[in-house]
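One letter stands for each residue in the lines below.
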Amino acid sequence: MPLLKTEHPGREQVLLIILDGVGHSARGENEGNAVAAAHMPVLKSLWAERPTLQVQAHGVAVGMPSDDDMGNSEVGHNALGCGRVFDQGAKLVANSIASGSLFQEDTGKTWAEVVENCLQNRSTLHFIGLFSDGNVHSNIAHLKAMIVQAKKEGVAKVRIHTLLDGRDVPEKSALEYMEPFEEFLQGLRLEDFDVRIASGGGRMTITMDRYEADWSMVEKGWKIHVLGEGPVFGSAKEAIEQFRKEDPHLIDQYLPGFVIAEQGKALGKIQDGDSVVFYNFRGDRALEISRAFTEKDFKEFSRGELPKIYFAGMMQYDGDLQIPEKFLVAPPKIDRTMSEYLVEEKISQYALSETQKFGHVTYFWNGNKSGYFDKELEHYEEIPSDNIAFDKAPEMKASEITESLIRAMKSGEYRFLRVNYANGDMVGHTGNFAATVKSMEFLDTCLGRVLQVAQELKTVVLITADHGNADEMYELDKKGQLKQTDGKPNPKTSHTLNPVNLMLFDPEDRFGLDSKAGKPGLANIAGTIFDILGYQEPEGYKPSLLSRS
């Protein structure tokens, strides 16, 4: 699959900087725009003076079901690294349920085995996953459909282990999901169908760690979900209300883990013969708990005696490592990635981020594939993230990333470099406006250092983002007005529906961006990079946005 060269000579070094979670919004700082509020002379002058376009980073432009669906780091980096738009997990699962293929014997073999295991063993079917309709990691509608189907097929006992969100949805919305869900379950219960919530906890407290940043989260989740060990309550609602009473500032994603029990006995321990479905469709925060359930030689923490269960993921979270072996819906088949083409052309590459986003510039960038295409031509560098609340240290690892990036640029070893700065997204997710502003201002000083080196080396630099977050940190109603409580705006912790900026810095002013490109998206950026390197975008890729003076 060789690349075709353009009639123009390519540049020797191209750098793509991804400012994670930094979207473009016309709203001002008083309306929750931390990007507007931040003093960022470097970045704001670049946006004003250098070629800059707004590109779509949500909805159908990144493979989501509709333009009402926010983008996220997974689909954003898929589009950036693959140059095309693939139907993503949310859409694939929704279509599979709507068509019935998830449950049909010829296409839904894994679901049939999940159910048959429960019927043969007269055992429990457990569902574990993120409990919201954020459509980034999961959707509660998928959970409801599977519960209804399980009842229809004769499963007698179902237990749900809820990971509370407050990150892809409003930060204190847990009861808005919990109370109607309990009514839904009540409408399903019969003498021969026992369905209950069995455990829960905040997504950033238990179970949903990623990139092996904090295995203790997974261990806590294991004790809560599997062993039934933890603070005991009579219902999930009781647990949420009690935790909020103890700390009114506590938001859903950081709520402690809890166990639901009756007469001192946990309702939902996971035992021999049970079936377990982890119903998140996104892979990064599903891999570690999947490994805990399936690996025989597991050493990350003591699981106790591993129950003999049938485990399935909503999707396969790592196709190369086949984790998990059993899954309900096939993930998108992404081929002909940018990295593969560059390796074929013997073009050296460098990928850099801190732990929180390292998999995004490697695994997701490479079409959900682990490892290297050619270790001789690719170098991946991970800066270990601190295990601390991000709004307590909003600089995160931006300084260390900048030092490593500058070394790599000056080494002359790499023609294409990509880096992710996590600050706008990870600090933005805390809902702390002041901390997010601080993170953006520190990031700006780092960008100033990088751009100075780029000027010296004549490196062409593209600066963009994978989705918005820091650009809209207060909740808005349907009319676009601020939601307020006691005269104060309600914090927003989720991603946004805003476009993101794509800025081009060319020290020799040979290149610009096509201002008549229509409505470009993140997928156009791969073709743009190929163009700067002196190659035509591959067949099927979104076209380059480059213009030449």
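Note: the structure precedes this text.
Basis of the calculations
- Residues numbered from 1 in each chain as written.
- Predicted model: local features only at pLDDT ≥ 70, side-chain atom pairs only at ≥ 80, totals over all residues.
- Heavy atoms only, no water.
- Helix = DSSP H or I, 4+ residues; strand = E, 2+ residues; numbered from the N terminus.
- Rg over C-alpha atoms; globule rule 2.2 N^0.38 Å.
- Buried < 20%, exposed > 50% of the residue type's maximum accessible area, 1.4 Å probe, protein only.
- Contact = heavy atoms within 4.5 Å.
- Areas by Shrake-Rupley, 256 points an atom, 1.4 Å probe, with all protein chains shown as cover.
- Lys, Arg positive; Asp, Glu negative; His and termini not counted.
- Charge placed at Lys NZ, Arg CZ, Asp CG, Glu CD.
- Arc of directions from axis to C-beta.
- Pairing = 2+ DSSP bridges.
- Axes fitted to C-alpha atoms, helices over the stretch in contact; angles between N-to-C directions.
- Core = buried A, V, L, I, M, F, W, Y, C linked by side-chain atoms within 4.5 Å.
- Phe/Tyr/Trp six-rings, centres within 6.5 Å; stacked < 30°, edge-to-face > 60°.
- Lys NZ or Arg CZ within 6 Å of the ring centre and 35° of its normal.
- Parallel < 35°, antiparallel > 145°, perpendicular 65-115°, else oblique.
- Nonpolar A, V, L, I, M, F, W, Y, C, P; charged D, E, K, R; others polar.
- Salt bridge = Lys/Arg side-chain N within 4 Å of Asp/Glu carboxyl O.

Q: Would you mind showing me how to read the overall build of the chain here?
A: The number of helices and strands found in the chain is 16 helices and 20 strands. For 549 residues, the compact-globule formula gives about 24 Å, and the C-alpha radius of gyration of the chain, at 24 Å, lands near that figure. The principal-axis extents of the C-alpha atoms in the chain amount to approximately 75 × 55 × 40 Å. Here the chain, with 549 residues, has 61% of them falling under the buried criterion. The contacts in the chain between residues at least 6 apart in sequence include a share of 79% that link residues at least 24 apart. Carbon and sulfur atoms make up 47% of the accessible area of the chain, which totals about 21400 Å². When the 60 positive and 82 negative side-chain charges of the chain are each reduced to one mean point, those points stand 1 Å apart.

Q: So what exactly am I meant to see when it comes to helix α4 (residues 89-99) here?
A: Side chains that are three or four residues apart share a direction in an α-helix, a result of its 3.6 residues per turn. Within α4, burial applies to Gly89, Ala90, Val93, Ser96 and Ile97. The arc enclosing the buried residues of α4, seen along the axis, measures out at 140°, which places them on a common side. Of the surrounding elements, those touching the buried residues of α4 are α6 (140-152), β10 (310-315) and β11 (327-329). Of the residues one or two after α4, Gly100 is the one with positive phi, at around 85°.

Q: Help me understand the sheet that holds strand β13 (residues 378-383), please; the structure alone is not making it clear to me.
A: Sheets are built from strands paired through backbone hydrogen bonds, the pairs being either parallel or antiparallel. Ordered in space as β2-β18-β15-β1-β14-β12-β13, the seven strands form an open sheet in which the pairing is mixed. Edge strands, defined here as strands with exactly one partner in the open sheet, are β2 (52-55) and β13. The average angle at which neighbouring strand axes cross in this sheet is 15°, direction not considered. Of the strand pairs in this sheet, strand β1 (residues 14-19) and strand β14 (residues 416-421) are connected by six bridges, and their pairing is parallel. Residue pairing for β14: Leu16 is matched across the bridge by Arg418.

Q: Would you mind showing me how to read the nonpolar core here?
A: Side chains that are nonpolar tend, in soluble globular proteins, to be buried together. Residues Trp111, Leu125, Phe127, Ile147, Val158, Phe181 and Met314 are the most contacted members of the largest nonpolar core, which totals 115 residues. Per element, the largest residue contribution to this core is eight residues, and it comes from helix α7 (residues 174-188). Beyond its immediate chain neighbours, meaning those up to four positions away, Met314 contacts Val93, Leu102, His142, Met146, Phe278, Tyr279, Asn280, Phe281, Phe327, Leu328 and Val329. Membership of the second largest hydrophobic core comes to 41 residues, among which are Leu43, Trp47, Leu405 and Met503.

Q: What is the right way to look at the pairing of β14 in this model?
A: In the case of a regular strand, side chains alternate between the two sheet surfaces. Burial within β14 is extensive, with six of its six residues counted as buried. The side-chain alternation of β14 yields two buried faces, one formed by Phe416, Arg418 and Asn420 and the other by Leu417, Val419 and Tyr421. Pairing analysis gives four bridges linking strand β12 (residues 349-354) to β14, with the strands arranged parallel. By the bridge assignment, Tyr350 is partnered in β14 with Leu417.

Q: Just to check I follow, could you spell out the packing of aromatic side chains for this structure?
A: By convention here, two paired aromatic rings are described through the distance between centres and the angle between planes. Counting across every chain of the model gives 21 aromatic pairs. For the pair Phe293 and Phe311, a centre-to-centre distance of 5.0 Å together with 20° between the ring planes defines the contact as stacked. Of this pair, Phe293 sits in helix α10 (residues 287-294) while Phe311 sits in strand β10, and the two are 18 residues apart along the sequence. Accessibility assignment for this pair places Phe293 and Phe311 in one class, buried. Following the ring pairs from residue to residue traces out a cluster consisting of Trp215, Trp222, Phe293, Phe298, Phe301 and Phe311. Between the NZ or CZ atom of Lys144 and the centre of the ring of Phe184, over which it lies, the distance is 5.3 Å.

Q: So what exactly am I meant to see when it comes to the packing of α6 against α7 here?
A: When two helices pack together, their arrangement is captured by the angle between the axes and the distance separating the axes. Following both chains from N to C, one finds α6 and α7 inclined at 10°, their axes separated by 11 Å at the closest point. When the axis of α6 is compared with that of α7, the two are roughly parallel. Counted together, Ile140, Leu143, Lys144, Ile147, Val148 and Lys151 of α6 and Phe181, Phe184, Leu185 and Leu188 of α7 form the full contact between these two elements. Counted by class, the contact of α6 with α7 contains eight nonpolar, no polar and two charged residues.

Q: What should I look at first to understand helix α12 (residues 355-364) in this one?
A: With 10 of its 10 residues buried, α12 lies for the most part within the structure. Within α12, burial applies to Thr355, Gln356, Lys357, Phe358, Gly359, His360, Val361, Thr362, Tyr363 and Phe364. Each element contacted by the buried residues of α12 is listed here: β1, α3 (73-82), β12, β13, β14 and α14 (423-426).

Q: What is the right way to look at the pattern of salt bridges in this model?
A: Two side chains with opposite charge may pair up if their charged atoms get near one another. All told, the structure shown has 30 salt bridges when counted by the stated rule. Between Glu179 and Lys237 there is a salt bridge; the shortest N-O distance is 3.2 Å. Highlighted residues: Glu179 in helix α7 and Lys237 in helix α9 (residues 236-246), separated in sequence by 58 residues. Judged by its relative accessible area of 34%, Lys237 falls in the partly exposed class. For Asp386, the salt bridge is made with Lys397, and the minimal N-O distance between the two is 3.2 Å. Here Asp386, found in the loop between β13 and α13 (398-411), pairs with Lys397, found in the loop between β13 and α13; they are 11 residues apart in sequence, far enough to count as distant. Residues joined in a network through salt bridges with shared partners are Glu74, Arg210, Arg282 and Asp284.

Q: Quick question: what am I supposed to make of the environment of Ile18 here?
A: Note on placement: Ile18 falls in strand β1. Sequence-wise, Ile18 and Lys144 are 126 residues apart; in three dimensions their C-alpha atoms are separated by 36 Å. Setting aside residues up to four positions removed in sequence, Ile18 forms contacts with His77, Leu80, Val361, Trp365, Val419, Asn420, Tyr421, Thr464, Ala465 and Asp466.

Q: What is the right way to read the environment of Arg510 from this model?
A: Structurally, Arg510 is set in the loop between β18 (500-505) and β19 (511-513). Arg510 gets classed as partly exposed once you look at its relative accessible area, which sits at 31%. Residues Arg510 and Ser549 lie 39 residues apart in sequence; the distance between their C-alpha atoms is 5.5 Å. Residues within four places of Arg510 in sequence aside, it is in contact with Pro9, Arg11, Ser547, Arg548 and Ser549.

Q: So what exactly am I meant to see when it comes to the packing of helix α2 (residues 41-49) against helix α15 (residues 433-457) here?
A: Packing of α2 against α15 brings their axes to within 7 Å, and their N-to-C directions diverge by 65°. Contact residues: α2 offers Pro41, Val42, Leu43 and Leu46, while α15 offers Asp444, Leu447, Gly448 and Leu451.

The analysis is restricted to geometry; functional conclusions fall outside its scope.
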